[in-house]
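For reference, the chains in residue letters:
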Amino acid sequence: MPGNPSSAARPLDVLRRSIEKNVLVDVKGKRGYSGILEGYDVYMNLVLKSANEIINGESKGVYDRILVRGDNVIFVSPSKGEKQ
Amino acid sequence: MPGNPSSAARPLDVLRRSIEKNVLVDVKGKRGYSGILEGYDVYMNLVLKSANEIINGESKGVYDRILVRGDNVIFVSPSKGEKQ
Amino acid sequence: MPGNPSSAARPLDVLRRSIEKNVLVDVKGKRGYSGILEGYDVYMNLVLKSANEIINGESKGVYDRILVRGDNVIFVSPSKGEKQ
Amino acid sequence: MPGNPSSAARPLDVLRRSIEKNVLVDVKGKRGYSGILEGYDVYMNLVLKSANEIINGESKGVYDRILVRGDNVIFVSPSKGEKQ
Amino acid sequence: MPGNPSSAARPLDVLRRSIEKNVLVDVKGKRGYSGILEGYDVYMNLVLKSANEIINGESKGVYDRILVRGDNVIFVSPSKGEKQ
Amino acid sequence: MPGNPSSAARPLDVLRRSIEKNVLVDVKGKRGYSGILEGYDVYMNLVLKSANEIINGESKGVYDRILVRGDNVIFVSPSKGEKQ
Amino acid sequence: MPGNPSSAARPLDVLRRSIEKNVLVDVKGKRGYSGILEGYDVYMNLVLKSANEIINGESKGVYDRILVRGDNVIFVSPSKGEKQ
């Protein structure tokens, strides 16, 4: 199957299945954002709604909407309450 | 739909919808710029008008116009007053 | 054989054979994740289930599912109990 | 319009319109250069004439002509006196 | 001769000739791995068997098998006992 | 005109016109090299003859010939005495 | 002339002419290697024989053969005794 090197789940499927759900995004520089995933692309650029910024473990405020550049992403995790 | 891996919003749409509106741009090295988004390209190179430079949380002056290289962008957020 | 510069094992085969098995993933910034490998792609983007995050040698919590961006990966090791 | 993702100004237009005008170029490593923009290319490699080097806010000397590698550019700003 | 800019040895030949032999791999972040080279690809992704991890000069444990991402490799050296 | 986004000078022309002349090359890590530019390519790999290495502002010795990898270049400046 | 932007020497020619001669290779992280250049490729991956590793100015041992990844190279210099 082209583009899918095994029968395993494809990494971007995690993003597709998380649309309109809460995700936690960890980026370089000890920062994180938790919010509702509104969009993404193949570069892992992400759009979050109602995004809470966390720096060094402390909440630093909320953004209505934020575009996070994929280059800086370390990981994306669907929130714990997620059901798939 | 080619180029759009899901029915979700595409990340660059956030930029398109923010043209002529205030955005906050966070870049590497603890810097940020708030200003009116005048232009962008697919590399996330951005042009801001009336851009206020913020370093380590302090305003450092205003630029009539500034071209920010996309490589350094961490996130772009439409300003809180924005309606979409 | 195209894409295989020798008769040696191909690096991504280590990932293919580790699907649904425990792996240890070491990433930049003194972090690691141990969990069950659910998926991967050619960029070494990885999906782990029941992933335990380890920072500076200490467990920092568990994620049901996590997408780790390949850029940040230093190494992936099948867990010691693995049989192949 | 191919190559122009919106009706907005294109980022490189800022450079084109700044030819033979003063610009301020900020690069990685707390350095900046102010001078007359003589040339540029799509990689944001820049040529400045009569470029004043500023390191940590202090002037460090003047170069008749300098080629700045685009990789290191953080931002380019037309000087405040500019009319467009 | 395409792909070979001179009559000199090609760098990846060092890897090909080291298959099933001991190598020392030095990676960014003051780490190294010594083990038996099981596989590699053109990105210098490497698979080592019985890999001993060395951090800041101290042995930190052994991995049955480890996939090291090529991006992080500084050098690879066949072990001193090697005959070619 | 293909490859030349404006009527402005092209950045690599600065290199072409500096062949067999003195240049100052600044690279990452607080290093510089001054010498006679013998060659270059589109990656900004540079060959200098009689290159004086300067680290943290101090001369560290002279190399008959040195190939500097373009990745590390911050800027190249024709020496002040240059006439063009 | 395709691939050669001027009549100047091409940077990789410095490598070609140094085959089987002593070179000094400086890499990121305050390290260097001096040895006999056995091979190279267009990525500046290098193979050295009888390579002496120098860290922070001190010799740290000799490798029979070492493959240095081009990404990390800062410069390559033919040794001073070289005649060309």
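The structure under discussion appears in the preceding block.
Because the structure is a prediction, the values reported are computed rather than measured. (Residues numbered from 1 in each chain as written. Chains lettered and ligands numbered in written order. Predicted model: local features only at pLDDT ≥ 70, side-chain atom pairs only at ≥ 80, totals over all residues. Heavy atoms only, no water.)

**Describing the pairing of strand β3 (residues 46-55) of chain E**
Residue and element names in this part refer to chain E. Of the pairings in the sheet, the one linking strand β2 (residues 31-40) to β3 comprises eight bridges and is antiparallel in character. For Gly39, the partnering residue across the bridge sits in β3 and is Val47. Linking β2 to β3, which pair antiparallel, is a turn of five residues; within it Met44 sits at a positive phi near 70 degrees. Bridge count between β3 and strand β4 (residues 58-68): nine bridges; the pairing is antiparallel. Its bridge partner lying in β4, Leu46 is registered against Val68. Hairpin geometry of β3 and β4 is characterised by an intervening segment of two residues between the two adjacent antiparallel strands and by a positive phi of about 50 degrees at Asn56. (Pairing = 2+ DSSP bridges. Helix = DSSP H or I, 4+ residues; strand = E, 2+ residues; numbered from the N terminus.)

**Here we look at the interface of chain A and chain C**
Contact residues are listed per partner, giving 24 residues for chain A and 21 residues for chain C. Taken together, the links from chain A to chain C amount to two salt bridges. A salt bridge links Asp26 of chain A to Arg31 of chain C; the nearest nitrogen and oxygen atoms lie 2.6 Å apart. Element by element, the count of residues in the side of chain A that touches chain C is highest for strand β5 (residues 73-78) of chain A, at six residues. Summarising the sheet, β5 of chain A and strand β4 (residues 58-68) of chain C pair through two bridges and their orientation is antiparallel. The residue of β4 of chain C that forms the bridge with Phe75 of chain A is Val68 of chain C. (Contact = heavy atoms within 4.5 Å. Salt bridge = Lys/Arg side-chain N within 4 Å of Asp/Glu carboxyl O.)

**Some words on unusual backbone geometry**
You will see that Ser50 of chain A, though not glycine, has its phi angle at about 50 degrees, which is positive. Counting through the fold element by element, Ser50 of chain A comes out in strand β3 (residues 46-55). With a phi close to 70 degrees, Glu20 of chain E is a non-glycine residue in the positive phi region. Here Glu20 of chain E is to be found in the loop between α1 (11-17) and β1 (22-27).

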